[in-house]
Amino acid sequence: ISCIFQNFNLVSSYTVYQNIALAMQIDGRSEEEIRKKVPEIIAKVGLTEFTRRKVSRLSGGQKQRVAIARALINNPAVIFADEPSGNLDSKNKEELHKLFFDLRDKYGQTIVIVTHEAELAKGCDRCIEMTDGRIRV
């Protein structure tokens, strides 16, 4: 299981590479595996040219892509995403939504998303609505 947070929860003094590698280090992965997999996942989320940039110098959309890459790097069965597009402008929201659905379609990734974004919910395979803490039937 992995998580994607609304506020990214990245280490601002680390580079894109270091933030993603950190998840693998915590999981006990070898340096050789880290050197191989991190550039691959960075390319998948479209951030190759930002590999060595500190995340404090990235846009909100780019930071969210780093958070997605970090969530994916250890191949979790399920990713939980809490308002993943809540802090993004319209263009970045649209790109992020497309990225989620591409990941789902290409890799069969299960992503559980909590969102107020109607457009994001429309594209999901299953939608469960809650009102005042109760599931609506």
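Structure shown above.
Residues numbered from 1 in each chain as written. Predicted model: local features only at pLDDT ≥ 70, side-chain atom pairs only at ≥ 80, totals over all residues. Heavy atoms only, no water.

S.K.: Requested: an account of the packing of helix H1 (residues 16-26) against helix H2 (residues 31-44), with residues and values cited.
M.R.: Remark: H1 packs on H2, axes separated minimally by 10 Å, with the N-to-C direction vectors making an angle of 130°. By the angle class used here, H1 and H2 are oblique. The handedness of the crossing between H1 and H2 is right-handed. Across the interface between the two elements, Val16, Tyr17, Ile20, Ala21, Met24 and Gln25 from H1 touch Glu31, Glu33, Ile34, Arg35, Lys37, Val38, Pro39, Ile41 and Ile42 from H2. Residues that form the contact of H1 with H2 fall into these classes: ten nonpolar, one polar and four charged. (Axes fitted to C-alpha atoms, helices over the stretch in contact; angles between N-to-C directions. Helix = DSSP H or I, 4+ residues; strand = E, 2+ residues; numbered from the N terminus. Parallel < 35°, antiparallel > 145°, perpendicular 65-115°, else oblique. Left-handed = near helix turned anticlockwise from the far one by under 90°. Contact = heavy atoms within 4.5 Å. Nonpolar A, V, L, I, M, F, W, Y, C, P; charged D, E, K, R; others polar.)

S.K.: Give a detailed account of the sheet that holds strand E2 (residues 78-82), specifying residues and quantitative values.
M.R.: With parallel pairing, the three strands of this open sheet are ordered in space as E1-E2-E3. In the strand order of this sheet, the two ends are held by strand E1 (2-4) and strand E3 (110-114), each with one partner. Strand-to-strand, the axes of this sheet are offset by a mean angle of 20°, without reference to chain direction. Bridge count for E1 against E2 is three bridges, and the pairing is parallel. Within E2, the position partnered with Ile4 by the bridge is Ala81. (Pairing = 2+ DSSP bridges.)

S.K.: Lay out the nonpolar core with the relevant residues and their values.
M.R.: Judged by nonpolar contacts, the single largest core of 35 residues is most densely connected at Ile4, Val16, Ile20, Val38, Val66, Ile68 and Phe100. Residue assignment for this core shows that the elements contributing at least two residues are H1, H2, helix H3 (60-72), E2 and helix H4 (90-107). Residue contacts for Ile68: discarding those within four places in its chain leaves Ile4, Val45, Leu96, Leu99, Phe100 and Leu103. (Core = buried A, V, L, I, M, F, W, Y, C linked by side-chain atoms within 4.5 Å. Buried < 20%, exposed > 50% of the residue type's maximum accessible area, 1.4 Å probe, protein only.)

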